[in-house]
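A look at the structure
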Amino acid sequence: MERKVSGSTTVTAKEVKVALEKARTLAPEEEKVLRMRHGAGAASKSAPLPRAAGQNEELGDELLLIEMQLMKAMRERTGQAKTASNKPQTAASAKATKEKIVRALKKK
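Conventions adopted
- Residues numbered from 1 in each chain as written.
- Predicted model: local features only at pLDDT ≥ 70, side-chain atom pairs only at ≥ 80, totals over all residues.
- Heavy atoms only, no water.
- Helix = DSSP H or I, 4+ residues; strand = E, 2+ residues; numbered from the N terminus.
- Buried < 20%, exposed > 50% of the residue type's maximum accessible area, 1.4 Å probe, protein only.
- Areas by Shrake-Rupley, 256 points an atom, 1.4 Å probe, with all protein chains shown as cover.
- Salt bridge = Lys/Arg side-chain N within 4 Å of Asp/Glu carboxyl O.
- Patch = residues over 30% accessible without salt bridge, like charges linked within 9 Å, V, L, I, M, F, W, Y side chains within 5 Å.
- pLDDT = per-residue confidence, 0-100.
- Axes fitted to C-alpha atoms, helices over the stretch in contact; angles between N-to-C directions.
- Parallel < 35°, antiparallel > 145°, perpendicular 65-115°, else oblique.
- Left-handed = near helix turned anticlockwise from the far one by under 90°.
- Contact = heavy atoms within 4.5 Å.
- Nonpolar A, V, L, I, M, F, W, Y, C, P; charged D, E, K, R; others polar.
- Expected span 1.5 Å × (residues − 1).
- Polar contact = N/O pair within 3.5 Å; in protein donor to acceptor, adjacent residues only side chain to side chain.

A count of helical and extended segments in the chain gives four helices and zero strands. N-terminal to C-terminal, the α/β element order of the chain is α-α-α-α. For the chain, the proportion of its 108 residues judged to be buried stands at 5%. A total accessible area of about 10800 Å² is found for the chain, and carbon and sulfur atoms account for 57% of it.

Spelled out as structure tokens, the structure:
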């Protein structure tokens, strides 16, 4: 007859974090689940994000081009890109606003 060992161990978040940094065989989903389950944060907040292209330079160039196009579109959409055509419009709208305020003050 074998003796059963009835003991339990506690795994801390630090131990899980260290073990996950060393492990290279886990799928990204498995790693995410373990981190969430045990409260282990990401490896380092200052560590750079992994590149989606890996060692493939052609894919990296294509992703960079897509990123640049998206950034340009976002700037245009949010109004961050200031071109020569936008400056007169903002000056005209500022003048109209100023005139509106002056008319309102004259009425008082």
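Across all of its chains, the model carries one salt bridge by this definition. In this structure, Glu31 engages Arg35 in a salt bridge whose closest nitrogen and oxygen atoms are separated by 3.0 Å. Separated by four residues within a single helix, Glu31 and Arg35 lie in helix α2 (residues 28-38), roughly one turn from each other. The exposure class assigned to Arg35 is buried, which follows from its relative accessible area of 14%.

Right, let's talk about a nonpolar patch on the surface for a bit. Together, Leu59, Leu63, Ile66 and Leu70 give the surface a local cluster of nonpolar side chains, amounting to about 330 Å² of exposed area. Among the secondary structure elements, Leu63 is positioned in helix α3 (residues 57-78). Judged by its relative accessible area of 37%, Leu63 is partly exposed.

Of the residues in the chain, 90% have a pLDDT of 70 or more, and the chain-wide mean is 82. The secondary-structure element of the chain with the lowest mean pLDDT is helix α4 (residues 86-107), recorded at 80, while α3 shows the highest, at 92.

What follows concerns the packing of helix α1 (residues 13-22) against α2. At a closest axis distance of 9 Å, the pairing of α1 and α2 adopts a crossing angle of 165°. Of the possible angle classes, the one that applies to α1 and α2 is roughly antiparallel. Here α1 and α2 pass one another in a crossing that is left-handed. The residues of α2 that touch α1, namely those facing Ala13, Val16, Lys17 and Leu20, are Glu31, Leu34, Arg35 and His38. The residue inventory of the contact of α1 with α2, partitioned by class, reads four nonpolar, one polar and three charged.

Moving on to α3. It helps to recall that an α-helix has 3.6 residues per turn; residues three or four apart then point in one direction. The end-to-end C-alpha distance of α3 is 31 Å, a good match for the 32 Å that 22 residues give at a rise of 1.5 Å each. Sitting at the head of α3, Asn56 places a side-chain oxygen 3.2 Å from the backbone nitrogen of Glu58. Positive phi appears at Gly79, one or two residues downstream of α3, with a value of about 85°.

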